[in-house]
Amino acid sequence: DGGITQSPKYLFRKEGQNVTLSCEQNLNHDAMYWYRQDPGQGLRLIYYSQIVNDFQKGDIAEGYSVSREKKESFPLTVTSAQKNPTAFYLCASSLPRDRGNQPQHFGDGTRLSIL
Amino acid sequence: AQTVTQSQPEMSVQEAETVTLSCTYDTSESDYYLFWYKQPPSRQMILVIRQEAYKQQNATENRFSVNFQKAAKSFSLKISDSQLGDAAMYFCAYRSAWTGNQFYFGTGTSLTVIP
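As the structure is a prediction and not an experimental result, all values here were calculated from the model. (Residues numbered from 1 in each chain as written. Chains lettered and ligands numbered in written order. Predicted model: local features only at pLDDT ≥ 70, side-chain atom pairs only at ≥ 80, totals over all residues. Heavy atoms only, no water.)

Novice: Before we go on, may I ask you to explain the sheet that holds strand S7 (residues 64–66) of chain A in this structure?
Specialist: Strands belonging to one sheet form pairs held by backbone hydrogen bonds; the direction of such a pair is parallel or antiparallel. Residues and elements named next belong to chain A. With antiparallel pairing, the 4 strands of this open sheet are ordered in space as S1-S3-S8-S7. Each edge of the open sheet carries a strand with a single partner, namely strand S1 (4–7) and S7. Between one strand axis and the next, the sheet turns by 20° as a mean value, whatever way the strands run. Here 3 bridges tie strand S3 (residues 19–25) to strand S8 (residues 76–78), and the two strands are oriented antiparallel to one another. Across the sheet, the residue bridging to Thr20 is Thr77, located in S8. (Pairing = 2+ DSSP bridges. Helix = DSSP H or I, 4+ residues; strand = E, 2+ residues; numbered from the N terminus. Axes fitted to C-alpha atoms, helices over the stretch in contact; angles between N-to-C directions.)

In structure tokens, the structure reads:
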């Protein structure tokens, strides 16, 4: 079955450390997204990519970086510049909007905590 | 950017009863897509229902239906015969049919089902 795989499920970061969250999809989707979700809150867009080697900042990109070297993969790095990284991170993908009413498909998320 | 508003942070419903969750959005576009997602305690995002703006007929999926009022920019979700498994956060989302590939999410409504 096709889907989105996020790893790890739980991640701990030390002060001053960069950590990378993995997101892989086998749905052949062009667009991929990273969201941050704080307790009891909605989804805030960090970065999104519409095509390989291209990505755009979302609403809260500061302290994060991404790459899109392959269609299937969209890793998110939480840098030491992100002072409050504790949150639940969701990766998603979708077909382009010109393919009609296509929803986003989501991974199971990564919970990041500060040590 | 489009704005999606869910004005009910929390709702509760008696098991087997019907509940309606509200969602409004702000857009100047005439063609777009709307979605309702469910996020149970497992944090997995599950698509509940979707609607195309050009369709006048309200979408239905088993016990879930929407009341789409395009002129009022309203997209409410009705859950009939509520079950314990319906307890979750519910998010309304908007996607343009013409520009960009972003999805815009509301802040969510937490639904409690009372046995």
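Once the structure has been displayed, the description carries forward.
Novice: It is not clear to me how the interface of chain B and chain A should be interpreted in this structure. Could you clarify?
Specialist: It is common to report an interface's size as the accessible area lost on association of the parts. Each partner contributes residues to the interface: chain B has 24 residues there, and chain A has 23 residues. Summing both partners gives a buried area of about 2100 Å² for chain B against chain A, and 49% of it is carried by carbon and sulfur. Looking only at chain B, the three residues that lose the most surface to chain A are Arg43, Asn101 and Gln102 of chain B, adding up to 29% of its buried area. Taken together, the connections running from chain B to chain A amount to 9 residue pairs in polar contact (both at pLDDT 80 or more). Of all elements in the fold, only strand S5 (32–39), strand S6 (46–52), strand S10 (88–96) and strand S11 (103–105) of chain B reach the threshold of two or more residues within the side of chain B that touches chain A. A breakdown of the residues in the side of chain B that touches chain A according to their chemical character gives 10 nonpolar, 10 polar and 4 charged. (Contact = heavy atoms within 4.5 Å. Buried area = accessible area lost by both parts, 1.4 Å probe. Polar contact = N/O pair within 3.5 Å; in protein donor to acceptor, adjacent residues only side chain to side chain. Nonpolar A, V, L, I, M, F, W, Y, C, P; charged D, E, K, R; others polar.)

Novice: Would you mind going over the state of the cysteines with me for this structure?
Specialist: Here is the idea: a disulfide is a covalent bond, and it sits between the sulfur atoms of two cysteines. Residues and elements named next belong to chain B. What the rule picks out here adds up to 2 disulfides over all chains. Note that Cys23 is cross-linked by a disulfide to Cys92, the S-S spacing being 2.0 Å. The disulfide joining Cys23 to Cys92 has a torsion of about -70° about its S-S bond and is therefore left-handed. With Cys23 in the loop between strand S3 (19–21) and strand S4 (24–26) and Cys92 in strand S10, the pair connects residues that are 69 residues apart, well separated along the chain. Given the relative accessible area of 1%, Cys92 is considered buried. (Disulfide = S-S within 2.5 Å. Buried < 20%, exposed > 50% of the residue type's maximum accessible area, 1.4 Å probe, protein only.)

Novice: Would you explain the pairing of strand S9 (residues 74–79) of chain B in this entry?
Specialist: Each regular strand shows side chains that alternate between the opposite faces of the sheet. All names here are of chain B. Most of S9 sits inside the fold, with 5 of its 6 residues counted as buried. Bridge count for S3 against S9 is 3 bridges, and the pairing is antiparallel. Note on S9: the bridge partner recorded for Leu21 is Leu77. Relative to S9, strand S8 (residues 64–69) runs antiparallel, the two being bridged by 6 bridges. If you follow Phe68 over to S9, its bridge partner there is Phe75.

None of this, on its own, says anything about what the molecule does.
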